[in-house]
Amino acid sequence: MSILATLADALSRGAVEVVDLTAPLSAETPVIQLPPQFAQTGTFRLEELSRYDDRGPAWYWNDFRTGEHTGTHFDAPNHWVTGRDGEDVASVPAARLVAPAVVLDFSAQAAADPDFLLEVEHVREWESAHGPLPAGGWLLYRTGWDARADSQERFLNADDTGPHTPGISPSCARWLAEEAPVTGLGVETVGTDAGAAHSFDPPFPCHAALMGSGKYGLTQLQNLAQLPPTGALLVAGPLPIVGGSGSPSRVLALVERG
Ligand code: MN
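Residue positions are given per chain, counting from 1 as you read along its sequence in written order. Reporting in this predicted model follows two pLDDT cut-offs: at least 70 for local features of residues, and 80 or more for side-chain atom pairs to be given and counted; totals over whole chains, interfaces and linings ignore these cut-offs and use all residues. Where side-chain values are given, they derive from all heavy atoms of the structure, hydrogens and water being excluded.

Bringing the overall build of the chain into the picture now. Assigned secondary structure in the chain consists of six helices and 14 strands. On C-alpha atoms alone, the chain measures out to a radius of gyration of 19 Å, which is about the 18 Å that the 2.2 N^0.38 rule sets for 258 residues. The buried share among the 258 residues of the chain stands at 46%. Note on areas: Shrake-Rupley with a 1.4 Å probe; residue coverage comes only from the protein chains shown. Total accessible area on the chain stands at roughly 12,500 Å², and carbon and sulfur atoms take up 56% of it. Taking the average place of the 15 positive charges on the side chains of the chain and the average place of its 32 negative ones, the gap between the two points comes to 4 Å. Each helix is a run of H or I in the DSSP string that is no shorter than four residues. Each strand is a run of E no shorter than two, and both are numbered from the N terminus. Atoms counted for the radius of gyration: C-alpha only. Globule rule: 2.2 Å times the number of residues to the power 0.38. Throughout, exposure labels follow a simple rule: accessible area from a 1.4 Å probe, protein chains only, divided by the maximum for the residue type, with under 20% read as buried, over 50% as exposed, and the rest as partly exposed. In this count, Lys and Arg are taken as positive residues and Asp and Glu as negative ones, while His and the chain termini are left out. Lysine's charge is taken at NZ, arginine's at CZ, aspartate's at CG and glutamate's at CD.

Residues Ala-232, Leu-234, Ala-236 and Pro-238 point to one face of strand E13 (residues 232-238) and are all buried, whereas Leu-233, Val-235 and Gly-237, pointing to the other face, are not buried. If DSSP finds at least two bridges between two strands, the strands pair. In terms of strand pairing, strand E5 (residues 98-105) meets E13 through four bridges, oriented antiparallel. Within the sheet, the bridge partner assigned to Val-98 lies in E13 and is Val-235. Where E13 meets strand E14 (residues 246-256), six bridges bridge the pair, whose relative direction is antiparallel. From the neighbouring strand, Leu-234 faces E14, where its bridge partner is Ala-253.

On to the packing of helix H5 (residues 170-178) against helix H6 (residues 205-212), then. How two helices sit against one another is set out by the angle between their axes and by the gap between those axes. Where H5 meets H6, the axes come as close as 8 Å, and the angle between the chain directions of the two elements is 15°. In terms of axis orientation, H5 runs roughly parallel to H6. The two elements H5 and H6 meet at a crossing, and its hand is right-handed. Contacts from Pro-170, Ala-173, Arg-174, Leu-176 and Ala-177 of H5 reach H6 at Pro-205, Cys-206, Ala-209 and Leu-210. Taken together, the residues of the contact of H5 with H6 sort by class into eight nonpolar, no polar and one charged. The convention used is that axes are lines fitted to C-alpha atoms, helices contributing only their stretch in contact, and that angles between N-to-C directions extend from 0 to 180 degrees. Oblique is the label for every angle not falling under 35 degrees (roughly parallel), over 145 degrees (roughly antiparallel), or within 65 to 115 degrees (roughly perpendicular). Two helices cross in a left-handed way if the nearer one is turned anticlockwise from the farther one by less than a right angle. They cross in a right-handed way if the turn is clockwise. Here, residues are in contact when the closest pair of their heavy atoms is within 4.5 Å. In this count, Pro and Cys sit with the nonpolar residues alongside Ala, Val, Leu, Ile, Met, Phe, Trp and Tyr, while Asp, Glu, Lys and Arg are called charged and the others, Gly among them, polar.

This next bit is on helix H3 (residues 120-130). Among all positions in H3, only Val-120, Val-123, Trp-126 and Glu-127 are buried. On an axial view of H3, the arc spanned by its buried residues comes to 120°, and they lie on one face. The exposed set on the far side of H3, more than 90 degrees from its buried face, consists of Glu-125, Ser-128 and Ala-129. Packed against the buried residues of H3 are E5, strand E6 (117-118) and H5. Looking one or two residues past H3, Gly-131 carries a phi angle of roughly 100°, positive in sign. Read the arc as the range of directions from the helix axis to the C-beta atoms.

One side-chain nitrogen of Lys or Arg within 4 Å of one carboxyl oxygen of Asp or Glu is enough to make a salt bridge. The full count for this structure, using the stated rule, is twelve salt bridges. Between Glu-17 and Arg-257 there is a salt bridge, with its nearest N and O atoms 2.5 Å apart. Of this pair, Glu-17 sits in strand E1 (residues 16-20) while Arg-257 sits in the segment after E14, and the two are 240 residues apart along the sequence. Two residues, Arg-250 and Asp-20, come together in a salt bridge whose shortest N-O distance is 2.6 Å. One end of the pair, Arg-250, is in strand E14; the other, Asp-20, is in strand E1, and 230 residues separate them in sequence.

Turning next to the packing of aromatic side chains. Working definition: rings of Phe, Tyr and Trp (its six-membered ring) pair if their centres are within 6.5 Å, and the pair is stacked with planes under 30 degrees apart, edge-to-face with planes over 60 apart, and tilted otherwise. Under the counting rule described, the total for this entry stands at seven aromatic pairs. Residues Phe-74 and Tyr-216 carry aromatic rings whose centres are separated by 5.1 Å and whose planes lie at 40° to one another, so their mutual orientation is tilted. Of this pair, Phe-74 sits in strand E4 (residues 73-75) while Tyr-216 is found in strand E12 (residues 216-219), placing the two residues 142 residues apart along the sequence. Using a relative accessible area of 0% as the deciding quantity, one classes Phe-74 as buried. Considering the side-chain rings of Trp-80 and Phe-204, the 5.7 Å spacing of their centres and the 65° angle between planes classify their relative orientation as edge-to-face. Placement of Trp-80 in the loop between E4 and E5 and of Phe-204 in the loop between strand E11 (184-187) and H6 is noted, with a sequence separation of 124 residues between them. Put simply, the rings of Phe-74, Trp-138 and Tyr-216 touch in pairs and so form one group of aromatic residues.

Count a disulfide wherever a pair of cysteine sulfur atoms falls within 2.5 Å. Across all of its chains, the model carries zero disulfides by this definition. Counting only cysteine sulfurs, Cys-206 is the nearest neighbor of Cys-172, a cysteine outside any disulfide, at a range of 7.5 Å. What makes Cys-172 buried here is its relative accessible area of 0%.

Remember that the coordinates give geometry; whether it matters functionally is a separate question.
So this is what it looks like as structure tokens:
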């Protein structure tokens, strides 16, 4: 059998499972909130055109409004000033949207400390147990934050000092961008950077380093707990918005079940 026929057979038998890593997209989907001096992104909104009525007797359809960075979404290199001359979301090669993924589980650390930061040493320790990060693939950073996705307040976890959500240290962000073989970073939180990253040096180091290196981000992923540490194949589907900086995306993982 061909490779794809073998895969199709495995899918039909359940030997390969498709895990949906995508958050449902609705008006309740949490969105990032920036300090008030900056422009804010919109929540997702459906605008009904007709529903089997005199606006369209046999059909139901909507327009929708959304931010590019609303819900489970893809960050393209041109999202950040460091990548301003890089790819827009429509220019990301389709071949890079299907790639291996590994899952680094730091949900226990994030439960104990919502400001937990992943360091290079954490990744090195993980590699000594599971092998190297996949070349051209994704590092998926599990923090357990998907359990909060039904509440904007719990998801952003802000107090008077700003949001408190787990992320990546500035030195680890630089390492992931410049030295690690991965093509992108996927997270469960509202953005790839920690909640407190506005006050890091540089601010928002994941965005600055990854986008500046032509790498990608995936945010607000769910169900990473259903993936093995290694061996999953990720399929990310951002819309090819011409000139766009990102897009809500369906993100699926193919996982072998023994
Ligand atoms: Mn984004």
